[in-house]
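# Overview (structure and organization)
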Number of protein chains: 2
Amino acid sequence: MNDLYVHGYHQRENERLQDQAGTLVDLLHADTAYPDGSTVLEAGCGVGAQTVTLARRSLGARFTSIDISADSIAEARRRAARAGLTNVAFQQTDIFALPFNAASFDHVFVCFVLEHLAKPVEALAILNRLLRPGGSMTVIEGDHGSTYFYPDSPAAHAAIGCQVELQRQAGGNALIGRQLYPLLVAAGFDAICVSPRMVYVDASRPDLVDGFTRRTFTAMIEGVREPALATGLIAPETFDAGVRDLHRTTETDGVFCYTFFKGVGKK
Amino acid sequence: MNDLYVHGYHQRENERLQDQAGTLVDLLHADTAYPDGSTVLEAGCGVGAQTVTLARRSLGARFTSIDISADSIAEARRRAARAGLTNVAFQQTDIFALPFNAASFDHVFVCFVLEHLAKPVEALAILNRLLRPGGSMTVIEGDHGSTYFYPDSPAAHAAIGCQVELQRQAGGNALIGRQLYPLLVAAGFDAICVSPRMVYVDASRPDLVDGFTRRTFTAMIEGVREPALATGLIAPETFDAGVRDLHRTTETDGVFCYTFFKGVGKK
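The following refers to the structure shown. (Residues numbered from 1 in each chain as written. Chains lettered and ligands numbered in written order. Predicted model: local features only at pLDDT ≥ 70, side-chain atom pairs only at ≥ 80, totals over all residues. Heavy atoms only, no water.)

## Looking at the packing of helix H7 (residues 206–222) of chain A against helix H9 (residues 236–248) of chain A
Residue and element names in this part refer to chain A. At their nearest, the axes of H7 and H9 sit 10 Å apart, and the two run at 175° to each other. The pairing of H7 with H9 is recorded here as roughly antiparallel in orientation. Residues Thr-213, Arg-214, Phe-217, Thr-218, Ile-221 and Glu-222 of H7 form the contact with H9, whose own contacting residues are Phe-239, Val-243, Leu-246 and His-247. Grouping the amino acids of the contact of H7 with H9 by side-chain chemistry returns 5 nonpolar, 3 polar and 2 charged. (Axes fitted to C-alpha atoms, helices over the stretch in contact; angles between N-to-C directions. Helix = DSSP H or I, 4+ residues; strand = E, 2+ residues; numbered from the N terminus. Parallel < 35°, antiparallel > 145°, perpendicular 65-115°, else oblique. Contact = heavy atoms within 4.5 Å. Nonpolar A, V, L, I, M, F, W, Y, C, P; charged D, E, K, R; others polar.)

## Considering the relation of the copies chain B and chain A
Taken as rigid bodies, chain B and chain A are interconverted by a rotation of 180° and an axial shift of 0.0 Å, the fit giving an RMSD of 0.0 Å. Considering both components of the superposition, the chain copies are consistent with a two-fold axis. Every residue of chain B has its C-alpha some distance from the rotation axis, and the shortest such distance is that of Ser-146 of chain B, at 3.5 Å. Most of the interface of chain B is mirrored in chain A: 100% of its interface residues are interface residues there too. (Least-squares fit on C-alpha atoms with pLDDT ≥ 70 in both.)

## Focus on the interface of chain B and chain A
Facing the 27 residues of chain B at the interface are 27 residues of chain A. Each partner contributes to the roughly 2200 Å² buried at the junction of chain B and chain A, and carbon and sulfur atoms together form 66% of this total. When the buried area of chain B at its contact with chain A is split by residue, Tyr-148, Arg-178 and Tyr-181 of chain B rank highest and sum to 31% of it. The interface formed by chain B and chain A includes 2 salt bridges. (Buried area = accessible area lost by both parts, 1.4 Å probe. Salt bridge = Lys/Arg side-chain N within 4 Å of Asp/Glu carboxyl O.)

## Things to note about the nonpolar core
What tends to happen in soluble globular proteins is that the nonpolar side chains get buried as a cluster. Core analysis: the largest hydrophobic core is formed by 70 residues, its most contacted members being Met-137 of chain A together with Met-137 of chain B. If we skip the residues at most four places from it in the chain, Met-137 of chain A touches Val-108, Val-110, Leu-124, Leu-127, Leu-131, Leu-184, Phe-189, Gly-263, Val-264 and Gly-265 of chain A. One finds Leu-24, Met-220, Val-243 and Phe-256 of chain B within the second-largest nonpolar core, a separate group that totals 43 residues. (Core = buried A, V, L, I, M, F, W, Y, C linked by side-chain atoms within 4.5 Å. Buried < 20%, exposed > 50% of the residue type's maximum accessible area, 1.4 Å probe, protein only.)

## Topic: the sheet that holds strand S6 (residues 190–202) of chain A
All names here are of chain A. Pairing is mixed across the open sheet formed by 7 strands, whose spatial order is S3-S2-S1-S4-S5-S7-S6. Single-partner strands in this sheet number two, and they are strand S3 (88–92) and S6. Pairs of neighbouring strands in the sheet enclose a mean axial angle of 20°, with direction left out of account. The pairing of strand S2 (residues 62–67) with S3 spans 5 bridges and is classified as parallel. Bridged to Ile-66 within S3 is Gln-91. Along the sheet, helix H4 (residues 120–130) contacts strand S1 (39–43), strand S4 (105–111) and strand S5 (131–150); its crossing angle with S5, the most-contacted strand, is approximately 150°. (Pairing = 2+ DSSP bridges.)

## Re helix H3 (residues 70–82) of chain A
All names here are of chain A. With 13 residues, H3 should cover 18 Å at 1.5 Å per step; its first-to-last C-alpha distance of 18 Å lies within 8% of that length. Among the residues making up H3, those that are buried are Ser-72, Ile-73, Glu-75, Ala-76, Arg-79 and Ala-80. Take H3 and look down its axis: the buried residues cluster within an arc of 165°, on one side only. Across from the buried face of H3, at angles greater than 90 degrees, the exposed residues are Asp-71, Ala-81 and Arg-82. For H3, the side-chain oxygen to backbone nitrogen distance between the N-cap and Asp-71 is 3.4 Å, and the N-cap itself is Ser-69. Residue Gly-84 follows H3 closely and has a positive phi angle near 75°. (Expected span 1.5 Å × (residues − 1). Arc of directions from axis to C-beta. Polar contact = N/O pair within 3.5 Å; in protein donor to acceptor, adjacent residues only side chain to side chain.)

## Details of the packing of aromatic side chains
What characterises a pair of aromatic rings is the spacing of the ring centres plus the angle enclosed by the ring planes. All names here are of chain A. Across all of its chains, the model carries 24 aromatic pairs over all chains by this definition. With a centroid separation of 5.5 Å and 50° between ring planes, the pair formed by Phe-217 and Tyr-258 is classed as tilted. Residue Phe-217 is located in helix H7, and its partner Tyr-258 is located in strand S7 (residues 255–266); the two are separated by 41 residues in the primary sequence. With respect to burial, Phe-217 and Tyr-258 carry one shared label: buried. (Phe/Tyr/Trp six-rings, centres within 6.5 Å; stacked < 30°, edge-to-face > 60°.)

## A closer look at the pattern of salt bridges
All names here are of chain A. The tally for this structure, following the rule as stated, stands at 28 salt bridges over all chains. Here Arg-225 ties to Asp-240 by a salt bridge, and the two come within 2.8 Å at their closest N and O atoms. Linking Arg-225 in helix H8 (residues 225–230) with Asp-240 in helix H9, this pair joins segments that are 15 residues apart in sequence. For Asp-240, a relative accessible area of 25% puts it in the partly exposed group. Linking Glu-251 and Arg-248 is a salt bridge whose minimum nitrogen-to-oxygen distance equals 3.6 Å. According to the relative accessible area criterion, Glu-251 is partly exposed, its value standing at 42%. Residues joined in a network through salt bridges with shared partners are Glu-75, Arg-78, Arg-79 and Arg-82.

Structure follows, in structure tokens:
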């Protein structure tokens with residue numbers, strides 16, 4: 001699974017994920033806070049990009065943050081320590097082999113995880129069993145098919161398509177954001193509410209131009225150049241033109257749009 | 001121009017535009033209200049689908065609503081009369097040959113109009129000259145490239161592409177929503193703020209499933225079947241499969257997404 005993880009585990013990638021969490025934190029997390037004394041399972045915490053935000057926003061809640069990668073857990077633990085957080089316990093474990101009893105958490109939180117799983121409904125159903133009755137499940141995922149921009153560019157869409165295809169070949173789904181509602185229904189949740197979190201970027205929002213269009217999204221696409229060319233998905237000149245055209249959208253007359261989806265369900 | 005108008009002037013089309021205004025009214029218009037005594041030019045009012053909403057929300061403002069089509073103006077006048085509105089004057093005239101003096105309006109409002117114009121910046125610049133200093137320009141446009149859905153369907157995207165191409169052949173641009181910021185900049189406006197208005201539809205929102213996905217968007221695509229086939233843009237079986245797949249998104253596990261853009265600038 002680690003070898004197939006399409007975002008990679010490299011330092012630059014870690015920085016990108018952190019940038020992403022920094023610029024998008026309000027958009028994605030402003031409406032998530034857990035009561036004092038409640039227990040929260042963060043499934044798939046990665047390098048802790050969301051963990052620090054989550055745990056800071058709910059200092060009275062106790063978090064258990066897990067990830068399948070021991071390296072990621074080590075990095076997440078360092079981040080949480082640097083942030084002075086004492087309400088997070090980290091544990092290296094697999095979502096499909098969790099060492100927890102049924103109904104042992106008040107809430108579950110999953111962010112940028114389902115996109116990498118071949119069986120997202122099964123994962124949600126497993127996590128559902130860990131929830132106490134009345135507990136909540138929160139899921140956040142992106143959707144690369146929500147990407148459009150001005151000036152438009154077939155080459156840029158082709159480059160983005162490489163990321164989608166590589167993720168598909170690795171067993172994941174980069175278009176999963178739009179699917180959160182049916183996935184949560186299929187996993188047995190009630191009172192499901194899904195809301196889109198659209199990132200709209202034009203030149204009047206320079207922080208997003210740099211933090212999102214350039215350093216989050218375009219950097220992610222640039223990061224798949226090697227595997228995209230190695231697997232023959234695209235000609236190098238097309239890929240490079242696509243990346244140039246993504247950078248072109250950061251000029252003063254450019255616009256960039258991307259949408260995350262956040263779903264909340266009750267047990 | 002009338003003959004090229006891609007949405008047509010037929011009764012069913014009028015009903016569709018009215019449906020659209022009914023279900024989307026809050027999303028698009030909730031933050032638009034004009035002070036008592038102010039004068040507002042609505043450029044391109046069509047059959048008055050937005051006029052009634054606008055004028056009702058600002059009963060103390062005086063509206064001048066224009067359209068190039070005499071038939072549309074006649075229908076808009078009937079609608080306003082049925083709604084009991086007395087603060088709207090209608091006039092048949094062309095945006096590019098307006099019979100108004102410079103600086104004669106406090107505000108200008110343009111909705112679903114630029115998408116049909118070959119020279120949208122020029123139109124905005126002409127309207128800018130009609131504004132008093134400090135006046136506001138409000139523009140609302142859709143963007144068919146913002147459309148995605150679950151289950152995904154290449155045939156549905158191809159059918160939507162026919163609408164985009166027909167509108168392009170008629171001199172318009174069905175992807176203009178994302179461009180509002182650079183268009184308003186180019187037309188000389190200041191303090192420009194563009195915000196996306198995303199319509200997210202899943203089975204928990206049955207009014208939108210029926211009112212937007214089925215009766216607004218899919219009905220619009222169904223409406224271009226004849227010209228799309230006549231111009232050889234698509235095979236009939238592909239078009240029909242695409243429309244079936246758009247209807248498929250209205251089932252209980254389906255999701256549909258579309259985004260309008262609203263831009264406001266100051267003179």
